[in-house]
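# Examination of the molecular architecture
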Amino acid sequence: MKIVNDSTCSWINDLTPRTNIKCLQSNEDSEWLIIGAGYTGLSAARKLGQLYPNQKIILVDAQFAGEGASGRNSGYLVDTTLNDGFTSNKDLDNYKKKTDIYNLGINVVKKFINDYQVDCDWNECGKYFASSKKEDEKILRNFSDTLKKLGFTHNLLSNNELSKRLGTNFYNVALYTKGGVLLHPGKLVRAMIDVLPKNVCLYENSSLLSWSKTKDIISCKFKNGRIITKKIIFATNGFLKSLGIKSNYNFPITLTASMTRPLTDDEFKSIGQPKEWGVLPIRPMGATIRMTKDRRILIRNTAEVHNPFKMSESDLNKRSINQKIGIKKRFPQLPENIVKSSWSGVVSRTRNSSQIFEKIDNNIFAAGCYNGSGIGVGTLFGEQIAIKATEENSKEIKTIEARRKPTWLPPNPFLNFGVKGRLIYERFKARSDI
Ligand SMILES: Cc1cc2nc3c(=O)[nH]c(=O)nc-3n(C[C@H](O)[C@H](O)[C@H](O)COP(=O)(O)OP(=O)(O)OC[C@H]3O[C@@H](n4cnc5c(N)ncnc54)[C@H](O)[C@@H]3O)c2cc1C
């Protein structure tokens, strides 16, 4: 099935349109084939290109490179999370393993932007986990205990301080963590495309339709050609399941977000001229909301089981109305018509919010499923799955492989019923903070 994206994502539309787009038009052979050109696939291709400058590496994407979730996310490069799964992080040892991976993820993105002098509006301003409900302070105090034990600098804040920092009275309680970065996701992924090594051949608008392995030959079928490759890396994240990769361990979830135009000087003054900030919800289905460096407000407040290949304009409009209400609730003084664009994107989830990083058969590898936190982890997993595919090891691979592995999921229709039910329940619990 064809992936049909909206063309309304502000992050992507901030960038200069690319030229020289190549589509697969004939049969090819390669040493390496990578499917999916988001943070994961681009990082795998970059690493392989550095390791094997004389080998042929093909990277393909069903749409324009970087225009999947990697170009359409909220731009939080996180060191810690409170709500990234359907299970809570009660277990300290596992939570530490998770944050070790996040930490490696931040370092690998930082190294990338330093090595290639990338401007992606990088801001080490930390982040807030906030709620409008005073009683949620209990959740934050528990979270604070966990962070204290692991040495993360943080502090609890109440309404007065929050309204000064965020420019809204909406939130009554928050936990601020010093770690965590805000960035422009589109600029980051565009830089990864721009610096691809010369021996990486990128084909876009070239969807993998089917694949098979006979002995040591992997054969991949596309609309206008076939690629025969020795080794393959699947980096299609929300579309791993549709390609039959680890099907009983991951499922796609569709998210939608909206962004305003930049606030005018008067509008910005009316909310107290706050510095750039990012708020994450305390409950899984609450809104993620962010004030950007250039005074735009971004909101993401949906996560649902939806056809991952396409969202119709009318479906997107319905979600956009919800997001306008979310902004109005927090900033009643701002005009109604400031939302400039809305878009959808697909992520991948596992049951226990662990990620996929695996050799799934001889010469076949997969990385993905970041449960909504894939900027750093995707970049890290992309580089490290490339190393794993060369049959080498690294200290990063050891850290990644020490995590809990994804757990089994029931097949459809049971899975969809279960996930939908859970999302409705979580949405109800978070209703005040949507
Ligand atoms: C609205 C939204 C907000 C988010 N916010 C955050 C955030 O603040 N922080 C954070 O860390 N993460 C966030 N995420 C998640 C993050 O964007 C992803 O985890 C990350 O982009 C995953 O990168 P990836 O390269 O693995 O996958 P993707 O960027 O999804 O790339 C996979 C690529 O595979 C391609 N593909 C799929 N099927 C095929 C096929 N058959 N043939 C060829 N190519 C194919 C797709 O076209 C796509 O380009 C958010 C996601 C969304 C949608």
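Each chain has its residues counted from 1, following the order in which its sequence is written. Residue-level local features of this predicted model are given only where pLDDT is at least 70; pairs of side-chain atoms are given and counted only at 80 or more, and the full residue set underlies all totals for whole chains, interfaces and linings. With hydrogens and water stripped out, all remaining heavy atoms of the structure feed into the side-chain values.

Let us look at the overall build of the protein chain. Counting from the N terminus, the helices are the DSSP runs of H or I reaching at least four residues and the strands are the DSSP runs of E reaching at least two. The number of helices and strands found in the protein chain is 11 helices and 18 strands. For the protein chain, the C-alpha radius of gyration of 21 Å lies close to 22 Å, the compact-globule estimate for 434 residues. Its C-alpha atoms put the protein chain at 65 × 45 × 45 Å along the principal axes. Buried means the residue's accessible area, taken with a 1.4 Å probe over protein chains only, is under 20% of the maximum for its type, while exposed means over 50%, and partly exposed covers the values in between. For the protein chain, the residues scored as buried account for 58% of the 434 residues in total. Any two residues whose heavy atoms approach within 4.5 Å at even a single point are treated as in contact. Taking all contacts inside the protein chain whose residues are at least 6 apart in sequence as the whole, residues at least 24 apart take part in 77%. In short, Shrake-Rupley with a 1.4 Å probe defines the accessible areas, and a residue's cover is counted only from the protein chains shown. As presented, the protein chain carries roughly 18700 Å² of accessible surface, and 51% of it is formed by carbon and sulfur atoms. Each radius of gyration is computed over the set of C-alpha atoms, and the globule rule expresses the reference value as 2.2 Å times the number of residues to the power 0.38.

Lining the immediate surroundings of the ligand are 35 residues, of which T40, D61, Q63, S70 and Y76 lie closest. Polar contacts, as counted here, are pairs of nitrogen or oxygen atoms within 3.5 Å of one another; within protein the pair requires one atom able to donate a hydrogen and one able to accept it, and residues that are adjacent in sequence qualify only if both atoms are side-chain atoms. Take G75: an N or O atom from its main chain is 3.3 Å from an oxygen atom of the ligand. Contacts to the ligand include I375, whose backbone N or O atom sits 3.0 Å from an oxygen atom. Elements represented by at least two residues in the shell around the ligand include exactly α2 (39-51) and β16 (339-349). Charged residues are taken to be Asp, Glu, Lys and Arg, nonpolar residues to be Ala, Val, Leu, Ile, Met, Phe, Trp, Tyr, Cys and Pro, and polar residues to be all remaining types, Gly included. Here the shell around the ligand is built from residues that sort into 15 nonpolar, 17 polar and 3 charged. Any residue with at least one heavy atom within 4 Å of a molecule or strand is counted as near it.

Along the chain, T390 turns up in the loop between α9 (375-389) and α10 (395-401). Excluding its chain neighbours within four sequence positions, the residues that come into contact with T390 are W32, L48, L51, Y52 and K231.

Taken as a whole, the second largest pocket holds about 660 Å³ of empty space. Along the wall of the second largest pocket there are 31 residues; nearest its centre are I3, A62, Q63, F64 and N205. For the lining of the second largest pocket, a count of residues per class yields 14 nonpolar, 10 polar and 7 charged. Each cavity reported here is a set of points on a 1 Å grid over the protein atoms alone in which a 1.4 Å probe fits but cannot get out, each pocket an open set with protein on both sides within 12 Å along at least five of seven lines, and each lining residue one with an atom within 4 Å of a point. Grid points are joined across faces, edges and corners, and a volume is the space filled by probe spheres set on the points.

Mapping I364 onto the fold places it in strand β18 (residues 364-368). Residues I364 and F234, spaced 130 residues apart in sequence, show a C-alpha to C-alpha distance of 7.8 Å. In contact with I364, other than residues within four places in its own chain, are W211, K213, I218, I232, F234, E358 and K359.

As a further point, take helix α6 (residues 185-194). Across the 10 residues of α6, 8 count as buried, placing the element largely inside the fold. Residues of α6 that are buried: P185, G186, L188, V189, R190, A191, M192 and I193. Those residues of α6 that are buried are in contact with α1 (10-13), α2, α3 (92-115), β8 (200-203) and α9.

The next thing to look at is α2. In this model, α2 (13 residues) spans 18 Å end to end at C-alpha, consistent with the 18 Å of a helix rising 1.5 Å per residue. Buried residues dominate α2, accounting for 11 of its 13 residues. Within α2 the residues assigned to the buried category are Y39, T40, G41, L42, S43, A44, A45, R46, K47, L48 and G49. Helix span, expected: 1.5 Å multiplied by one less than the number of residues in the helix.

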